[in-house]
Amino acid sequence: WSELIDDLDSCKQNHYDEVFELFKRGIPDCLRGIIWQKLAGVERVKMESAEKFHNLKVQEDVPHDLEIKKDVPRILRNHVLFKRKSEKGQERLYQVLKIFSLSSFSKNVGYVQELPLFAGLFLT
C-alpha cells in the first residue's frame, strides 16, 4: 500500500492487475481517506485552484455580505467553534460563505439563510 500511496499513477499504469486485486480485497480503513484523495486527484485540484481561491478570499465586494455577517453569529451558538466572534470558527464560516457567494456555484443557488448551517456543520 505504501508504494501505491507514493506513486499511484505509476502503479496503476505498470501494475494494473495487482492494483486491481488490492482494491478488490478492500482498502484498509486507516488508508481509505488517503487513497480516495489520490484517486480523486485532490492535490492536483488544490494546486490548480489555490490562486483562484486566494483571489476570491481577498475580494472585498461580496454579494450578500450583510446577510452573511448577520447570519454567522447565529449559527451553532453552543458549539465551541462558534460561541464567540473571537473564535476561529466564525471567521472560517464567514470565509466559506464569502467564497461561495463569489463563486460560480452561487449563481445557480443564491444565498439562503440555511446555507451557514450546512457550511457550519461541515466545518465541525
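No experiment lies behind these values; they were computed from the predicted model shown.

Scanning the chain for helices and strands turns up nine helices and zero strands. Order of helices (α) and strands (β) in the chain, N terminus to C terminus: α-α-α-α-α-α-α-α-α. Buried positions account for 28% of the 124 residues belonging to the chain. Intrachain contacts of the chain at a sequence separation of at least 6 include 61% that bridge at least 24 residues.

Once that is clear, we can look at the pattern of salt bridges. In this structure the tally under the stated criterion is four salt bridges. The partner of Glu-48 in a salt bridge is Arg-44, and the shortest N-O contact between them spans 3.6 Å. On the criterion of helical spacing, the pair formed by Glu-48 and Arg-44 is a turn pair, its members being four residues apart in helix H5 (residues 42-58). A residue is classified by how much of its surface remains accessible, and Arg-44, at 46% relative accessible area, is partly exposed. A salt bridge links Asp-65 to Lys-69; its shortest N-O distance comes to 3.1 Å. Residue Asp-65 and its partner Lys-69 are located together in helix H6 (residues 65-71), separated by four residues, close to a single helical turn.

With 12 residues, helix H4 (residues 29-40) should reach 16 Å at 1.5 Å per residue; the first-to-last C-alpha distance of 17 Å fits that figure. Looking one or two places after H4, you find Gly-41, whose phi comes out positive at around 75°.

So, about the side chain of Lys-98. Mapped onto the elements, Lys-98 comes out in helix H7 (residues 88-102). We note that Lys-98 is buried and unpaired, the nearest opposite charge coming from Asp-65 at a distance of 6.7 Å. Beyond its immediate sequence surroundings of up to four residues, Lys-98 is in contact with Leu-56, Lys-57, Val-58, Gln-59, Val-62 and Ile-68.

Turning to a nonpolar patch on the surface, a few remarks are in order. There is a patch of nonpolar side chains on the surface, built from Leu-117, Phe-118, Leu-121 and Phe-122 and spanning about 460 Å² of accessible area. One can find Leu-117 in helix H9 (residues 115-123).

Our focus in this paragraph is the side chain of Ser-101. For Ser-101, the location among the structural elements is in helix H7. Of note is the side chain of Ser-101, whose polar atom sits 2.8 Å from the backbone oxygen of Lys-98.

So, how was this worked out
Residue numbers here run from 1 along each chain, matching the order of that chain's written sequence. Residues qualify for local features only when their pLDDT is at least 70, as the model is predicted, and side-chain atom pairs are given and counted only at 80 or more; totals for whole chains, interfaces and linings, by contrast, use all residues. To obtain the side-chain values, all non-hydrogen atoms of the structure were used and water was disregarded. The secondary structure listing takes helices from DSSP runs of H or I that are at least 4 residues long and strands from runs of E that are at least 2 residues long, numbered from the N terminus. Each residue is placed in one exposure class: buried if its accessible area under a 1.4 Å probe, protein chains only, is under 20% of its type's maximum, exposed if it is over 50%, and partly exposed if it falls in between. For this analysis, residues touch if any pair of their heavy atoms sits within 4.5 Å. Basic side-chain nitrogens of Lys or Arg form a salt bridge, by our definition, when they fall within 4 Å of a carboxyl oxygen of Asp or Glu. Multiplying one less than the number of residues by 1.5 Å gives the expected span of a helix. Positive charges come from Lys and Arg, negative ones from Asp and Glu, while His and the chain ends are left out of the count. Here a patch means residues that are over 30% exposed by relative accessible area and free of salt bridges, tied together within 9 Å if like-charged and within 5 Å if nonpolar (Val, Leu, Ile, Met, Phe, Trp, Tyr). Using a 1.4 Å probe, the Shrake-Rupley method yields the accessible areas, and only the shown protein chains count as cover for residues. Identification of polar contacts relies on pairs of N or O atoms within 3.5 Å, with a donor-acceptor requirement for protein atoms, meaning one able to donate a hydrogen and the other able to accept it, and with residues adjacent in sequence counted only if both atoms are side-chain atoms.

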